[in-house]
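What follows is the residue order along each chain.
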Amino acid sequence: MKRAPFLAISGELLLVCVVIMTRPGISKTVKATAFNLLFIVFVFGAFEGYLAWENFNPKHRPLDVLDGDFFDGHDAIRGYSAKKNVCVGAHKTLDGKAVFDVSYSTNQYGLRVSPHDLATPRLNPDYKNVIFFGCSYAFGHGLNDNETLPFAFEDKSHGKYKTYNFAQNAYGPHQMLSILESDLIDKTIVDRKPSIAIYSAILDHVERAAMKLPDTVGPKYRLDHQGKLLRSAQGASQLFLFQQANKSYLFRAARRRFFERMITPGDFKLFVGIVKKAAKIFKEKYNGKFYVIYWDENLLDLDKKIVHELEKEKITIIKVSQIFAQYNSKEINGLEEEYKIKNLSKTKYVHYV
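Engineer: Where do I start with the packing of helix α6 (residues 173-181) against helix α11 (residues 265-286) in this structure?
Structural biologist: The angle between the axes and the distance between the axes are what describe a pair of packed helices. As a packed pair, α6 and α11 sit with axes 9 Å apart at the nearest point and diverge in direction by 30°. Taken together, α6 and α11 sit at an angle that is classed as roughly parallel. Relative to α11, α6 is oriented so that their crossing is left-handed. Side by side, α6 and α11 meet where P173, H174, M176, L177, L180 and E181 of the first sit next to F271, I274, V275, K277, A278, I281, F282, K285 and Y286 of the second. Looking at side-chain class alone, the contact of α6 with α11 contains 11 nonpolar, one polar and three charged residues.

Engineer: How should the nonpolar core be read in this particular structure?
Structural biologist: Burial of nonpolar side chains together is a common tendency in soluble globular proteins. With 42 residues, the main nonpolar core has F133, F290 and V292 as its most contacted residues. Among the elements of the structure, β4 (128-134), α6, α7 (184-188), β6 (194-201), α8 (204-209), α11, β9 (289-294) and α12 (301-312) are those that each provide at least two residues to this core. The leading source of residues in this core is α11, at 11 residues. In terms of nonpolar packing, the next biggest core, distinct from the first, is built from 11 residues, V86, V88, A138 and F139 among them.

Engineer: Would you mind going over empty space enclosed by the protein with me for this structure?
Structural biologist: In this approach the atoms are scanned with a rolling probe the size of a water molecule, which exposes any empty space left behind. If you walk through the whole model with that rule in mind, you get one cavity of 30 Å³ or more. Put simply, the largest cavity is a space of about 50 Å³. Along the walls of the largest cavity sit R78, S81, A82, G110, L111, R112, N165, F166, A167, Q168 and Y171, which together make up its complete lining. Here the residues of the lining of the largest cavity are counted per class, giving five nonpolar, four polar and two charged.

Here is what the cut-offs are and how they apply
- Residues numbered from 1 in each chain as written.
- Predicted model: local features only at pLDDT ≥ 70, side-chain atom pairs only at ≥ 80, totals over all residues.
- Heavy atoms only, no water.
- Axes fitted to C-alpha atoms, helices over the stretch in contact; angles between N-to-C directions.
- Helix = DSSP H or I, 4+ residues; strand = E, 2+ residues; numbered from the N terminus.
- Parallel < 35°, antiparallel > 145°, perpendicular 65-115°, else oblique.
- Left-handed = near helix turned anticlockwise from the far one by under 90°.
- Contact = heavy atoms within 4.5 Å.
- Nonpolar A, V, L, I, M, F, W, Y, C, P; charged D, E, K, R; others polar.
- Core = buried A, V, L, I, M, F, W, Y, C linked by side-chain atoms within 4.5 Å.
- Buried < 20%, exposed > 50% of the residue type's maximum accessible area, 1.4 Å probe, protein only.
- 1 Å grid on protein atoms, 1.4 Å probe; cavity = no way out; pocket = protein on both sides within 12 Å on 5 of 7 lines; lining within 4 Å.
- Points joined across faces, edges and corners; volume = space filled by probe spheres on them.

So, in C-alpha cells, the structure goes:
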C-alpha cells in the first residue's frame, strides 16, 4: 500500500468502525457516530481506490521506463543529477502502445549531450556559450539527444553558439539558482565564460520552488519577514501536512481541479525572488544576458500573473504563445488534437517532469 497509503488508512478506519458498531456494551450514540463515520470513510476510500487504480493500471496510465541506471546519487548542489558518460533507453507506453522510444546520453559532466560533445565543432571565432536551465521541457523528456531544444539551438546556429544543458526532469528554478551560486558552471565550461542563459519555465515551477510536491528533493529557499531570499537546509518541504495530504489521489485530483487555490501569494513571491536572484547573479558573474522562455500554453490567469511579475523585475521573457503565433492555427490545433487523442495530459499528474 506504499503507493496508496490513504486507501490503506481508509480500510483500517472502516475496520475500527465495524468493531465499534458490533461490540457489546457501547452506547447507541457512539455506535451511531461510528456508522456515520463508516459511511464517510467508505465513500472517501472508494474514490481513493478508484483514482489509485486509474493511476497505476497500465491500461490507463502512461508507463515511463528507463533501461539503465541514469541518475547519480545525492547531489549537494542540485539534489540529484544524471550520471556522467551514460546512454540509456527511455520508453513510454500508453494502452500498450508506444508513445516514445528514445535514448538519453550524457557527457563527461553529466549533462545531456549537445553537438559539440559528439564531434569537433566548427565554431566561429566569436562564438558564445549558452546555458539552458529548466525541467523536462529543456532537458528533452521523450526526445532523442538530437531533438532537444539546446541541441537544436547549437546545431542550427552553424558555429555561432555552444550550448550546455543544465536542465533535468522535475527541476525548478531553485536548482538553477543553486547552480549559479556554486562553481559548477565554471568547472563545466572551461573555454570561455557563458554569454547567455535561457531558463525554460512552466507554471509547476512555482510549486516546485515552494517544495510543495511530496517527492521534491533539492536546494531549498525561503523568504524572511522582510522579503529577503535565504538559503535553507537542503531536503524536503517543511509543509509536512501538505506533503502527506498530497499522497492522496483524491486530494491531488482536487488540486488539479482547483489549481489556483493551491498557490499562495508567498509562493509567487518566492518563485519570482529565485528567478530574479538567478538573473542578477548571471549578469554580474558573467556579464551575460538572461532570458526566460515561459510556457503559457495553459492560458490561465496564473500564467499571466507570472509573466507580469517577472516583467516587473525587468526580466526578458519570451512566451511560447508568441513563438507559436507564427504558425498556422490549423497546424497548432492538429498537434493539440493529437496530444489529446494520445491522452498524454495524464502525465501531468502521474509524475511531474
